[in-house]
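# Chains, contacts and geometry: an overview
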Amino acid sequence: MKCKKCGEKAVIRLRAHNISLCKDDFLSFVLNSVQRTIKKYKLFVPGEKILVAVSGGKDSLALFDILQRLGYPVEGFYIDLGIDGFSQRAQEIAGEFLAERKAPLHLYSLREEVRAGVAQIASRLKRSPCSLCGMMRRYIMNRFAWEKGFSTVVTGHNLDDEGATLLGNLINWQVGYLARQSPLLPATHPRLVKKVKPLARLSEREILAYCLFRGIAYHEERCPHSKGATSIKQKEVLNLLEYHSPGSKIRFYQEFLKNQEVFPGLEPHEMRECTVCGFPTTRDMCQFCAILERFRELTPLQGQIEERKD
Ligand code: SF4
Ligand SMILES: [Zn+2]
Ligand SMILES: [Zn+2]
């Protein structure tokens, strides 16, 4: 197997693109792919202050590495949602990685704000941790970025994540979400920060190979709450299609983006300010504040319990 670019021995076969590449040309392929996504969707403008959400996992660390190599001035943000054991180990790995890169790492701890982790809050509200986790992360990222003057939040969603989301949105005919799903989510309110996904056209396998070839040590453990998640099943379906018909995944996502205007979207909701935090919401209180308020109502002795434990 020879590298399509230089003719040297290839180390990876990319069936979706019908090419084999040596290590150096594969690493360039990844950087070029991200740079193309950034240019095509105009993800950044010069001089922006960019905050990268780092979870310690392969996608966010590869993303940070790539953006640094491409010359973007990036800073990291780790959100500790208090998932016992898992969050501490992930934070250590993210911390070591950013320290090696001499890049700033900002930290947020849910336990510091609420004195409880996401699983405890979910259990008290009789919900699953995953049903709160995504919403809380998005809120915390936006609030932190806005308060600290960042103009963009970057996340490590890859092609498999975006494909699974697209499949889920199609199965449920979520036309509002289908109209909005994109590597670029512009800021539609003065207190909303732009969100971008530069890895959206790279597969999980390509990112994994990138980490291995670069020697990036990432957090390999799966979140203990991930068992049976619908997104895992959707990824399995797409991987099966990819196996039988290489290139299906990238075609599914790219052709959707090209034809997205067939989904007209919904009338925008009237935005109000949350009566507690002031961030935009369609109701009186935003979902984040409503969850915390409900949790505090159901946990009146929480402060005393925590104090006795100390
Ligand atoms: S599986 Fe994912 S969404 Fe669910 S709690 Fe863990 S990190 Fe959050
Ligand atoms: Zn080569
Ligand atoms: Zn609020």
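Bringing the overall build of the protein chain into the picture now. Scanning the protein chain for helices and strands turns up 13 helices and 10 strands. Against the compact-globule benchmark of 19 Å for 310 residues, the protein chain has a radius of gyration of 20 Å, which places it among compact chains. Taken over the C-alpha atoms alone, the protein chain extends approximately 70 × 45 × 40 Å along its principal axes. If you take every contact in the protein chain between residues at least 6 apart in sequence, the share linking residues at least 24 apart comes to 68%.

Turning our attention to the environment of Ile 12. Considering the arrangement of structural elements, one finds Ile 12 in strand β1 (residues 12–14). Along the primary structure Ile 12 and Phe 26 are separated by 14 residues, whereas in three dimensions their C-alpha atoms are 7.7 Å apart. Among all residues touching Ile 12, those that are not within four sequence positions of it are Ser 20, Leu 21, Phe 26 and Ala 209.

Looking now at the nonpolar core. Of all hydrophobic cores here, the largest spans 57 residues; its most connected members are Val 52, Val 54, Leu 63, Phe 77 and Val 153. Broken down by element, the residue count for this core peaks at 6 residues, all from helix α2 (residues 58–69). Setting aside its immediate chain neighbours within four residues, Leu 63 contacts Val 52, Val 154, Gly 156, Pro 198 and Leu 199.

Our next topic: helix α1 (residues 23–40). Compared with an ideal rise of 1.5 Å per residue, which puts 18 residues at 26 Å, α1 spans 26 Å between its outermost C-alpha atoms and is within 8% of the ideal. By the burial criterion, the buried members of α1 are Phe 26, Phe 29, Val 30 and Val 34. The buried side chains of α1 occupy one side of the element, clustering within an arc of 125° when seen end-on. For α1, the exposed residues lying more than 90 degrees away from the buried face are Asn 32, Arg 36 and Lys 39. Packing partners of the buried residues in α1 comprise β1, β2 (19–21), α2 and α9 (204–214).

What follows deals with the packing of helix α6 (residues 129–147) against helix α12 (residues 287–298). Between α6 and α12, whose axes approach to 9 Å, the crossing angle comes to 120°. For the element pair α6 / α12, the angle class is oblique. In this structure, α6 meets α12 at a crossing whose hand is left-handed. Packed against α6, whose contacting residues are Leu 132, Met 135, Met 136 and Tyr 139, the element α12 presents Gln 287, Phe 288 and Ile 291 at the interface. Across the contact of α6 with α12, the residue classes tally to 6 nonpolar, 1 polar and no charged.

This paragraph deals with the packing of helix α7 (residues 159–171) against helix α10 (residues 230–244). Where α7 contacts α10, the axes come no closer than 9 Å and their chain directions differ by 100°. Taken together, α7 and α10 sit at an angle that is classed as roughly perpendicular. Seen from α7, the contacting residues are Asp 160, Gly 163, Ala 164, Leu 167 and Gly 168; seen from α10, they are Thr 230, Ser 231, Gln 234, Lys 235, Val 237 and Leu 238. Looking at the contact of α7 with α10 residue by residue, the classes come out as 4 nonpolar, 5 polar and 2 charged.

Note: most peptide bonds trans; most residues except glycine with negative phi. Of note in this structure, Asn 18 is not a glycine but carries a positive phi near 55°. For Asn 18, the position within the fold is in the loop between β1 and β2. With a phi angle near 65°, Arg 115 is a residue other than glycine that sits in the positive phi range. Relative to the elements of secondary structure, Arg 115 occurs in the loop between α4 (110–114) and α5 (118–124).

Here we come to the sheet that holds strand β7 (residues 184–185). If you trace the 6 strands from one edge of the open sheet to the other, you get β5-β4-β3-β6-β8-β7, paired in mixed fashion. The open sheet terminates on both sides in strands that have one partner only, identified here as β5 (105–109) and β7. Strand contacts of α2: β3 (50–53), β4 (74–80) and β6 (152–154), with the helix running at about 155° to β3, the strand carrying the most contacts. Packing against the sheet, α6 makes contact with β3, β4, β5 and β6, and its axis sits at approximately 135° to β4.

Cut-offs applied
Residues numbered from 1 in each chain as written. Chains lettered and ligands numbered in written order. Predicted model: local features only at pLDDT ≥ 70, side-chain atom pairs only at ≥ 80, totals over all residues. Helix = DSSP H or I, 4+ residues; strand = E, 2+ residues; numbered from the N terminus. Rg over C-alpha atoms; globule rule 2.2 N^0.38 Å. Contact = placed C-beta atoms within 7 Å. Core = buried A, V, L, I, M, F, W, Y, C linked by C-beta atoms within 7 Å. Buried ≥ 20, exposed ≤ 12 C-beta atoms within 10 Å, placed from the backbone. Expected span 1.5 Å × (residues − 1). Arc of directions from axis to C-beta. Axes fitted to C-alpha atoms, helices over the stretch in contact; angles between N-to-C directions. Parallel < 35°, antiparallel > 145°, perpendicular 65-115°, else oblique. Left-handed = near helix turned anticlockwise from the far one by under 90°. Nonpolar A, V, L, I, M, F, W, Y, C, P; charged D, E, K, R; others polar. Pairing = 2+ DSSP bridges.

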